[in-house]
Amino acid sequence: MNKKKKPFLGMPAPLGYVPGLGRGATGFTTRSDIGPARDANDPVDDRHAPPGKRTVGDQMKKSQAADDDDEDLNDTNYDEFNGYAGSLFSSGPYEKDDEEADAIYAALDKRMDERRKERREQREKEEIEKYRMERPKIQQQFSDLKRKLAEVTEEEWLSIPEVGDARNKRQRNPRYEKLTPVPDSFFAKHLQTGENHTSVDPRQTQFGGLNTPYPGGLNTPYPGGMTPGLMTPGTGELDMRKIGQARNTLMDMRLSQVSDSVSGQTVVDPKGYLTDLNSMIPTHGGDINDIKKARLLLKSVRETNPHHPPAWIASARLEEVTGKLQVARNLIMKGTEMCPKSEDVWLEAARLQPGDTAKAVVAQAVRHLPQSVRIYIRAAELETDIRAKKRVLRKALEHVPNSVRLWKAAVELEEPEDARIMLSRAVECCPTSVELWLALARLETYENARKVLNKARENIPTDRHIWITAAKLEEANGNTQMVEKIIDRAITSLRANGVEINREQWIQCVAHNALECARAIYAYALQVFPSKKSVWLRAAYFEKNHGTRESLEALLQRAVAHCPKAEVLWLMGAKSKWLAGDVPAARSILALAFQANPNSEEIWLAAVKLESENNEYERARRLLAKARSSAPTARVFMKSVKLEWVLGNIAAAQELCEEALKHYEDFPKLWMMKGQIEEQEELTEKAREAYNQGLKKCPHSTPLWLLLSRLEEKIGQLTRARAILEKSRLKNPKNPGLWLESVRLEYRAGLKNIANTLMAKALQECPSSGVLWSEAIFLEARPQRKTKSVDALKKCEHDPHVLLAVAKLFWSERKITKAREWFLRTVKIDSDLGDAWALFYKFELQHGTEEQREEVRRRCENAEPRHGELWCAVSKDIANWQRKIGEILVLVAARIKNTF
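Keep in mind that this is a model prediction, so the values were computed, not measured.

Trainee: Before we move on, could you go through a nonpolar patch on the surface and cite the residues and values that matter?
Mentor: Together, Leu 149, Val 152, Trp 157, Leu 158 and Ile 160 make up an exposed nonpolar region whose accessible area comes to about 520 Å². With respect to the helices and strands, the residue Ile 160 is situated in the loop between α6 (154-158) and α7 (169-172).

What follows is the structure in structure tokens.
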């Protein structure tokens, strides 16, 4: 039966037909589909391929790059709306037309986006709010509970239990394993019963438990159950000697293990093991390589020129510095052999050698250099006995009789009588030595001293000191009429010998405690220099300190005749008359001064002071009015305002102050007086306005800033006062006064920590300010004050404020003698500091005698201090404007409280 032939056989397959798709026989991959299985690094078949195509991997990369370059125009990459995902013309050139088209499309897209922007942002905002409502944050969920925490009482809060730790105790409190070495005493104590066993004997079980047939339980008849080792046989005691040996051996083994012999380094701390070697390390400051180079260089110098003394001295000192003293001694002794005529080498050898050896070295040096004065002096210094010193110096004078230094050293060791005899011989050997002649004259009697000085003048006719000594000798013996004659003879003799003495040399010749001699010298100096104001001033101060009032006034009359333009001489004469109570004479002197110096501000103000001090207020007003019209100055206006102020004429004072400020608005004292007058009248706003206006005109006036800040602090505006001081420090950097006020402001407010911080900043900006250091000392606690004072003295050694603070420190520690010494030092350095005098007087009131108090008061009145914070607070007070210096001193001392 023939089968019917299928109609599709021999016909072409329909479109899209895939063989085996119906039965699922698709997806098979054969070797022919994927190519041969070759590694990427295998070479290709073509042995002559170029360098970039010699491996299978290179060929695959090349083909992949070529596929990427081709445009993917497959149907799967096509979309009906957007078209192809890639660019159809990416391989073509990008021209200017294309760029313009892209810019137009981008602008359209941006415009369309802006049209929908508000709607889109509103929709996003609503979606976010909806999301937050559905899924709120944890913080928002507990917000109502947080608000309710304000209602929780303190008891409820304290009753809340603490969160416990769920871990166990060992995990909560971990403890590290501690290993403590057992002391030797523990072994020694437990080994006293060294015959005990530590194991059960087998025979014990035979006789029933621990019972044995031997009395004593576990005890055995054998002494000691341990083998001999660290235990001594038979005794059971610990052998400590063997334990020590074992420890040393163990330490040696550990040290050898930790040392690195290959690199030369070690992990052992060298400082710990070399502590004992510190005394052997030289204390030189150079590097060891520099020392070696210097040693090599000096050796070369010695070998090149062995007779050069500085080479041997430098070599010895180098070895001395490096700690090799014996090498230095050997070198310098070899140097004495090579340079026996060098004085410096012998002296260096004597310095390096010990006592007796040094004497031998010096004796050897004297044999080589019998004329060396320095070697003889060194030999005398090495002797400890006075008689031996005298013997050495007399031996030296035999060899060198014309040495002034040897004669002086020998005379210093003798008694006065023997010294006079030696000086008689000395002036014969050294007739040109002024010192020896004068020393001999001092030891002789009056008659012999005159003879000695006459001989000295014959031998040394060009020295002025001999003439001065002769004049002092006559004055000391009461022959004051001879003093002036001797000075005249001295001038004649010195001129005849061609000696010219200038003004400074004459003033230097003025000797203390020889008043007539000094007066004669001044008289001659004034004859030679009659128009020199400085000489007249020195002579006037001399008469003021050592002479009488009459002699001072006579000198000043001559002075103003020769120097009529010297205002200070006129003022000294007027003041002398005024202090003596002769007011008319003082007025006449000032009238003559007016004629010689018309329109002189100093003379005007002196006349005003003279009248005001004598209660002649109308005269003072008229004088000030004339001064304002003829010689108007800022000081004249200031004195006019002050006179009306102290007399109680506030309206007149304010009127004058306003008039003065129209002409001298840059004079800070006028603004200060205006503000203080308003403050006295309790017109705070006007006082503040005056200070602010003054600071606009005078921003660098420290007292104005201080007055304004204190005004604000006084009315309770602490923040404003602090801001004013900060502003002042910005406009006036490195100003100690402003920093000090800032520190004190915080301290008065009770903010001690801020005060200390500000003080540290102040000392950084003004490291050499004495007022800041003196305040910093007492800001410290008592134990730290001494250390702070040492730092202050290092920075400001001669500052009177620091010295005053140290004196107060000793006073607070009840070290009376030291405190008095420091007070004296302070007033000597700066006699114009009134605070120092006031504190000194207060100190003497508590710890001194009546004579000491009066001495301080007298010296203060002579010094006439004008400055100081405490001093000015009293002296500038209008209530004390007529007080004398001594009265102000008592008032200031009464205000001081021992709170330091």
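Trainee: Give me the packing of helix α43 (residues 800-812) against helix α45 (residues 834-847): which residues, what numbers.
Mentor: One way to put it is that α43 packs onto α45 with a least axis distance of 11 Å and a crossing angle of 15°. When the axis of α43 is compared with that of α45, the two are roughly parallel. Crossing hand, α43 versus α45: left-handed. In this structure, α43 uses Leu 804, Lys 808 and Trp 811 to contact α45, whose residues at the interface are Asp 835, Ala 836, Leu 839, Lys 842, Phe 843, Gln 846 and His 847. Looking at side-chain class alone, the contact of α43 with α45 contains five nonpolar, two polar and three charged residues.

Trainee: Describe unusual backbone geometry, with residues and values.
Mentor: The backbone of Glu 682 sits at a positive phi, close to 65°, despite the residue not being glycine. Topologically, Glu 682 is positioned in the loop between α35 (668-680) and α36 (684-697). Look at Arg 814: it is not a glycine, yet its phi comes out positive at around 65°. In this structure, Arg 814 sits in the loop between α43 and α44 (816-829).

Trainee: Describe a positive patch on the surface, listing the residues and the values that go with them.
Mentor: On the surface, a cluster of positive charge is contributed by Lys 609, Lys 639, Lys 642, Lys 669, Arg 866 and Lys 876. Within the secondary structure, Lys 669 sits in helix α35. By relative accessible area, which is 43% here, Lys 669 ends up partly exposed.

Trainee: Give me the lowdown on the nonpolar core, citing residues and values where you can.
Mentor: With 61 residues, the main nonpolar core has Ile 332, Ile 375, Leu 406, Trp 407, Leu 436, Leu 453 and Ile 466 as its most contacted residues. Ignoring anything within four residues of it in the chain, the contact list for Leu 406 reads Val 373, Tyr 376, Ile 377, Leu 393, Ala 396, Leu 397 and Val 400. Membership of the second largest hydrophobic core comes to 40 residues, among which are Leu 555, Cys 563, Trp 578 and Phe 594.

Definitions and limits used
- Residues numbered from 1 in each chain as written.
- Predicted model: local features only at pLDDT ≥ 70, side-chain atom pairs only at ≥ 80, totals over all residues.
- Heavy atoms only, no water.
- Patch = residues over 30% accessible without salt bridge, like charges linked within 9 Å, V, L, I, M, F, W, Y side chains within 5 Å.
- Areas by Shrake-Rupley, 256 points an atom, 1.4 Å probe, with all protein chains shown as cover.
- Salt bridge = Lys/Arg side-chain N within 4 Å of Asp/Glu carboxyl O.
- Helix = DSSP H or I, 4+ residues; strand = E, 2+ residues; numbered from the N terminus.
- Axes fitted to C-alpha atoms, helices over the stretch in contact; angles between N-to-C directions.
- Parallel < 35°, antiparallel > 145°, perpendicular 65-115°, else oblique.
- Left-handed = near helix turned anticlockwise from the far one by under 90°.
- Contact = heavy atoms within 4.5 Å.
- Nonpolar A, V, L, I, M, F, W, Y, C, P; charged D, E, K, R; others polar.
- Lys, Arg positive; Asp, Glu negative; His and termini not counted.
- Charge placed at Lys NZ, Arg CZ, Asp CG, Glu CD.
- Buried < 20%, exposed > 50% of the residue type's maximum accessible area, 1.4 Å probe, protein only.
- Core = buried A, V, L, I, M, F, W, Y, C linked by side-chain atoms within 4.5 Å.

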